[in-house]
Amino acid sequence: MKYNPKIHHRRSIRLKGYDYSQAGLYFVTICCQNREHFYGNIKNGKMNLNDAGKMIKKWYYELENKFPDIKCREMVVMPNHFHCIIENVTVGADPRVCPNTTTNPNPSLGEQSKPLGEHIGSPLHCVVQWFKTMTTNEYIRNVKSNNWKRFDGKLWQRNYWEHIIRNEKAYFNIANYINKNPENWVTDTLHSIEN
């Protein structure tokens, strides 16, 4: 059965009032548009990455270079989606944050007014957006130069799914789920017949 985006209603999966720039562990899933298979295939319970899948893996680990306050934990590239655990190691906000308060600049010294405090952690949505942008751009280049499979409209679905990991037991359960995802592909909720 082919995936039909018209019957899936979009709703926010973000925890209301939660600061996603604060230190913590986040389980993230990003799906290909229409659950298209772009990144390889599963054979005998193992994920065989094609060049596009290897590219996705490369950009995941580049996140640490772009956002020095995060660590890339477990991950798996699947034929039509991507799972990972991202750790934000920075406390989310400078305690001096006060959006309407500014420094008292000295114009004669060329100083400009600026906020006294600002968020210092990398918000999860910014991390995911950068990852999606970089992978999409490289994928497009390879469609043109290396005849990678074309995609219609967007490589990734509009949003992503995330879960805040609240304790060590949850971390180990999710890490185990990620590591065993290829073995459990046939029963995976994101499994679809390859197009």
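Here, every reference points to the structure presented above.
Each chain carries its own residue numbering, running from 1 in the written order of its sequence. At least 70 in pLDDT is required for a residue's local features to be given in this predicted model, at least 80 for side-chain atom pairs to be given and counted, and no such filter applies to totals for whole chains, interfaces and linings, which use all residues. Calculated side-chain values reflect all of the structure's heavy atoms, with hydrogen atoms and water omitted.

Student: Sorry if this is basic, but what is going on with helix α3 (residues 168-180) here?
Tutor: It helps to recall that an α-helix has 3.6 residues per turn; residues three or four apart then point in one direction. By the criteria applied, helices consist of DSSP H or I runs no shorter than four residues and strands consist of E runs no shorter than two, each listed in order from the N terminus. Between the first and last residue of a helix there are one fewer steps than residues, each counted as 1.5 Å, and that sum is the expected span. Compared with an ideal rise of 1.5 Å per residue, which puts 13 residues at 18 Å, α3 spans 18 Å between its outermost C-alpha atoms and is within 8% of the ideal. Listed as buried for α3 are Tyr-171, Ile-174, Ala-175 and Ile-178. Considered in projection along α3, the buried side chains sweep an arc of 100 degrees and stay on one side of the axis. Next to the buried residues of α3 lie β1 (24-31), β4 (70-77), β5 (81-88) and β6 (161-165). Regarding α3, its N-cap is Asn-167, as a side-chain oxygen of that residue lies 3.3 Å from the backbone nitrogen of Lys-169 further along. When a residue's accessible area, from a 1.4 Å probe over protein chains only, is under 20% of the maximum for its type it is buried; when over 50% it is exposed; and in between it is partly exposed. Regarding the arc, it is the one traced by the directions from the helix axis to the C-beta atoms. Two residues form a contact once any of their heavy atoms are found within 4.5 Å. Counting of polar contacts relies on pairs of N or O atoms within 3.5 Å, with two restrictions inside protein: one atom must be capable of donating a hydrogen and the other of accepting it, and residues adjacent in sequence are counted only when both atoms are side-chain atoms.

Student: It is not clear to me how the pattern of salt bridges should be interpreted in this structure. Could you clarify?
Tutor: Once their charged atoms are close, side chains differing in charge can pair, the charge on each being opposite to the other. In what follows, salt bridge is the name for a side-chain nitrogen of Lys or Arg lying within 4 Å of a carboxyl oxygen of Asp or Glu. Evaluated as defined, the whole model comprises 3 salt bridges. Two residues, Glu-138 and Lys-58, come together in a salt bridge whose shortest N-O distance is 2.8 Å. Of this pair, Glu-138 sits in helix α2 (residues 124-146) while Lys-58 sits in helix α1 (residues 51-66), and the two are 80 residues apart along the sequence. The exposure class assigned to Glu-138 is buried, which follows from its relative accessible area of 15%. As a salt-bridge pair, Glu-87 and Arg-73 come within 2.4 Å of each other at their nearest N and O atoms. Taken as a pair, Glu-87 in strand β5 and Arg-73 in strand β4 lie far apart in primary sequence, 14 residues in all. The buried category is assigned to Glu-87, whose relative accessible area is 17%.

Student: What is the right way to read the sheet that holds β6 from this model?
Tutor: For sheets, the rule is that strands pair by backbone hydrogen bonds, running either parallel or antiparallel. With antiparallel pairing, the 4 strands of this open sheet are ordered in space as β4-β5-β1-β6. Strand pairing shows two members of the sheet lacking a second neighbour, β4 and β6, which therefore form its edges. Strand-to-strand twist across the sheet, computed as the mean angle between neighbouring axes with direction ignored, equals 20 degrees. The axes used here are C-alpha line fits, helices contributing only the stretch in contact, and every angle between their N-to-C directions lies in the interval 0 to 180 degrees. Across the sheet, α2 is in contact with β1, β4, β5 and β6; its angle to β1 comes to roughly 35 degrees. Should DSSP find at least two bridges between two strands, the strands are taken to pair.

Student: I keep staring at the nonpolar core and nothing clicks. Help me out?
Tutor: Nonpolar cores were defined as sets of buried Ala, Val, Leu, Ile, Met, Phe, Trp, Tyr and Cys residues, with membership established by side-chain atoms within 4.5 Å. Counting 34 residues, the largest nonpolar core has Tyr-39, Leu-63, Phe-82 and Tyr-139 as the members making the most contacts within it. Elements with a contribution of two residues or more to this core: β1, α1, β4, β5 and α2. Ranked by residue count, the leading element in this core is α2, at 7 residues. Setting aside residues no more than four positions away along its own chain, Tyr-139 makes contact with Phe-38, Tyr-39, Ala-52, Met-55, Trp-148, Lys-149, Phe-151 and Leu-155. Among the nonpolar cores identified, the runner-up in size contains 10 residues, and Val-76, Tyr-171, Ala-175 and Ile-178 belong to it.

Distances and angles like these do not, on their own, reveal function.
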